[in-house]
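An overview of the molecular structure
One letter stands for each residue in the lines below.
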Amino acid sequence: MKIKLNEQLWNKLLKIRDKKRRKAVLVKIGYSPIEIEHILADLHIHSRAKLKYPRAEQMQFTQAGLEQASSKWLAEYRTLKMKQKIPKISQVLEVCSGIGGDTIAQSLRWKLLTVEKDPEIIALLKHNLNVYNLLEKVQIIEGDILELLQQKKFMDKLTNIDAIIFDPSRRHGSDHTVKIEEYLPPLSILSDLEQISPNIVVKIAPGVDFSHIPYTCDIEVVSYKGSVKETMLWFGKFMQSEKQSIIATKLPENISIIKQDTVSVPTLTGPKQYIYEPDPAFIKAHVINDIANEHKLTLLHEKLAYLTSNVFVKTPILKCYQYIAHCDLDFKKINNLLKLHQIGRLDYKSRGVKIDLKTVHKSIEYHGKRQGILIFTLVSQKPSIILCKYC
């Protein structure tokens, strides 16, 4: 059910963040409970969409479509990288356009032919392209790519395709999946797509285990503002070389590190003056040793992504915490440290040690007004805490 609100009321509700207050406004106007439920759901979707698209208030979405769609910034990054690798792209085939995150970014650069099988999604796509005045620049084909690839009429349209962007559904039923064999359309169509153009970029779930990717391609993990958003597979001329590369990229700073095949393993030490936590894309891409060697850092544990040094390192890919003290995972000792250093406000992090936050909150005794951070981790292979302050 789609409830049409006038623009003034819609904008008023968007400015109200509290769900109960939104509901109260709608009840007062006289909407029924079922109408209110649908309106609140639409408002929730658009509130989240504003984090991805500057023009979200004018666009249309579904919950699943918004979750899968790339943000404006990720789509622009991908498009720019495609252009850097192949400067003279004239036409691109997009397989599974969805609500249009990539369609918008791509069609600003070159001719685009996009395939989508869901007519309801196509209606949203057309609306969103119109918001950016791009509908006339995109050729939309409705159909199942598995069937279209067998049709001569469709294949005849693809004679001048320079590259392909493929965004399969990463859902199994109603749930998200990280198993690439459950994607729809299946990744097995890559062999057919390569006959159209070998230059392909595929979006996959961030949580996919790299060992389960059976292709010779580059694997790139991308974060945006400290959160991993996407993993991409790059084929053909989009690759760094003929060998597979694993790449970590942080946006919006656009900082990338390519994992090196031969890099020395950092020394294991106890905590030093500074504790460093890499951006999650660099953790996922397993480039911790590369970072440690570049900045002359040591590791707290061979399997945990905490680095340490007596030298302050300023880089966007590392969060820095200034070391205060550490001790065993003993709340009496922890509380003594908090009292000694007058820590009255705490944030918590845990890696390598399972904690129950309810138990932690009940056991911690706060003192003073200083802010700190408790890192629950392994030090010398023992469950421990490291008390730090923000740099």
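Residues numbered from 1 in each chain as written. Predicted model: local features only at pLDDT ≥ 70, side-chain atom pairs only at ≥ 80, totals over all residues. Heavy atoms only, no water.

**Description of the overall build of the protein chain**
- A count of helical and extended segments in the protein chain gives 14 helices and 18 strands.
- Counting only C-alpha atoms, the protein chain reaches 75 × 65 × 35 Å along its principal axes.
- Among the 391 residues that make up the protein chain, the fraction classed as buried is 48%.
- Look at the contacts in the protein chain between residues 6 or more apart in sequence, and 67% of them connect residues 24 or more apart.
- For the protein chain, the exposed area adds up to about 20,400 Å²; of that, 50% sits on carbon and sulfur atoms.
- Taking the average place of the 58 positive charges on the side chains of the protein chain and the average place of its 42 negative ones, the gap between the two points comes to 9 Å. (Helix = DSSP H or I, 4+ residues; strand = E, 2+ residues; numbered from the N terminus. Buried < 20%, exposed > 50% of the residue type's maximum accessible area, 1.4 Å probe, protein only. Contact = heavy atoms within 4.5 Å. Areas by Shrake-Rupley, 256 points an atom, 1.4 Å probe, with all protein chains shown as cover. Lys, Arg positive; Asp, Glu negative; His and termini not counted. Charge placed at Lys NZ, Arg CZ, Asp CG, Glu CD.)

**Brief notes about the packing of helix H1 (residues 7-15) against helix H2 (residues 19-29)**
- At a minimum axis separation of 9 Å, H1 and H2 run at an interaxial angle of 150°. Here H1 lies roughly antiparallel to H2, going by the angle between them. Residue-level inspection shows Leu9, Lys12, Leu13 and Leu14 of H1 in contact with H2, the latter providing Arg22, Val25, Leu26 and Ile29.
- In the contact of H1 with H2, the residues fall into six nonpolar, no polar and two charged. (Axes fitted to C-alpha atoms, helices over the stretch in contact; angles between N-to-C directions. Parallel < 35°, antiparallel > 145°, perpendicular 65-115°, else oblique. Nonpolar A, V, L, I, M, F, W, Y, C, P; charged D, E, K, R; others polar.)

**Overview of the state of the cysteines**
- For the structure shown, the criterion picks out one disulfide.
- Linked covalently through their sulfurs, Cys320 and Cys391 form a disulfide whose S-S length is 2.3 Å. Torsion about the S-S bond of the Cys320 and Cys391 cystine: about -50°, corresponding to left-handed handedness. Residue Cys320 is located in strand E15 (residues 318-328), and its partner Cys391 is located in the segment after strand E18 (382-390); the two are separated by 71 residues in the primary sequence.
- Judged by its relative accessible area of 12%, Cys320 falls in the buried class.
- Just so you know, Cys96 is unpaired, no disulfide at all, and the nearest cysteine sulfur is the one on Cys217, 18 Å from it.
- Lacking any disulfide linkage, Cys327 is separated from the closest cysteine sulfur, that of Cys388, by 12 Å.
- The exposure class assigned to Cys327 is buried, which follows from its relative accessible area of 11%. (Disulfide = S-S within 2.5 Å.)

**Thoughts on the packing of aromatic side chains**
- Under the defined criterion, the tally for this structure stands at eight aromatic pairs.
- Arranged with centres 5.4 Å apart and planes meeting at 75°, the rings of Trp234 and Phe238 form a pair that is edge-to-face.
- Of the residues examined, Trp234 reaches a relative accessible area of 0% and is grouped as buried.
- When the ring of Tyr274 is compared with that of Phe312, the centres are 5.6 Å apart and the planes differ by 55°; the resulting orientation is tilted. Remark: Phe312 occurs in the loop between strand E14 (304-309) and E15 and Tyr274 occurs in strand E12 (residues 274-278); sequence separation between them is 38 residues.
- Overall, Phe312 belongs to the partly exposed group, its relative accessible area being 45%.
- Taken together through their ring pairs, the aromatic side chains of Tyr274, Tyr276 and Phe312 make up a single cluster.
- Cation over ring: Lys284 sits above Phe210, and NZ or CZ is 5.0 Å from the ring centre.
- Geometry around Tyr306 places Arg351 over its ring, the cationic atom sitting 4.9 Å from the centre. (Phe/Tyr/Trp six-rings, centres within 6.5 Å; stacked < 30°, edge-to-face > 60°. Lys NZ or Arg CZ within 6 Å of the ring centre and 35° of its normal.)

**Focus on the environment of Glu136**
- Along the chain, the position of Glu136 falls in the loop between helix H7 (119-131) and strand E3 (138-142).
- We classify Glu136 as exposed; its relative accessible area is 76%.

**Here's the deal with the pattern of salt bridges**
- On inspection of all chains with the given rule, the structure shows 17 salt bridges.
- A salt bridge links Lys203 to Asp102; its shortest N-O distance comes to 3.1 Å. One end of the pair, Lys203, is in strand E7 (residues 200-204); the other, Asp102, is in helix H6 (residues 101-107), and 101 residues separate them in sequence.
- A relative accessible area of 1% means that Lys203 is categorised as buried.
- Ionic pairing is found between Lys152 and Asp156, a salt bridge with its closest N-O pair at 2.9 Å.
- The exposure class assigned to Lys152 is exposed, which follows from its relative accessible area of 62%.
- The network of salt bridges with shared partners includes Arg78, Asp102, Asp167, Arg170, Lys203 and Glu230. (Salt bridge = Lys/Arg side-chain N within 4 Å of Asp/Glu carboxyl O.)

**Considering the packing of H2 against helix H3 (residues 33-49)**
- It is at 11 Å that the axes of H2 and H3 come closest, and there the two elements cross at 135°. For the element pair H2 / H3, the angle class is oblique. Here H2 runs over H3; the crossing is right-handed. The residues of H3 that touch H2, namely those facing Lys19, Arg22, Lys23, Leu26 and Val27, are Ile36, Ile39, Leu40, Leu43, His44 and Ser47.
- The residue inventory of the contact of H2 with H3, partitioned by class, reads six nonpolar, two polar and three charged. (Left-handed = near helix turned anticlockwise from the far one by under 90°.)

**Points about the environment of Ile86**
- Note that Ile86 resides in the loop between helix H5 (72-85) and strand E1 (91-95).
- Note: C-alpha distance between Ile86 and Ile375 (289 residues apart in sequence) is 45 Å.
- Excluding residues within four positions of it along the chain, Ile86 makes contact with Asp162, Asn199, Lys237 and Phe238.

**Description of the sheet that holds E15**
- Spatial strand order, E13-E14-E12-E15-E18-E17-E16: seven strands in an open sheet with mixed pairing. Of all strands in the sheet, those with a lone pairing partner are strand E13 (298-301) and strand E16 (343-350), marking the two edges. Strand-to-strand, the axes of this sheet are offset by a mean angle of 40°, without reference to chain direction.
- In terms of strand pairing, E12 meets E15 through five bridges, oriented antiparallel. The partner of Pro278 across the bridge, within E15, is Leu318. (Pairing = 2+ DSSP bridges.)

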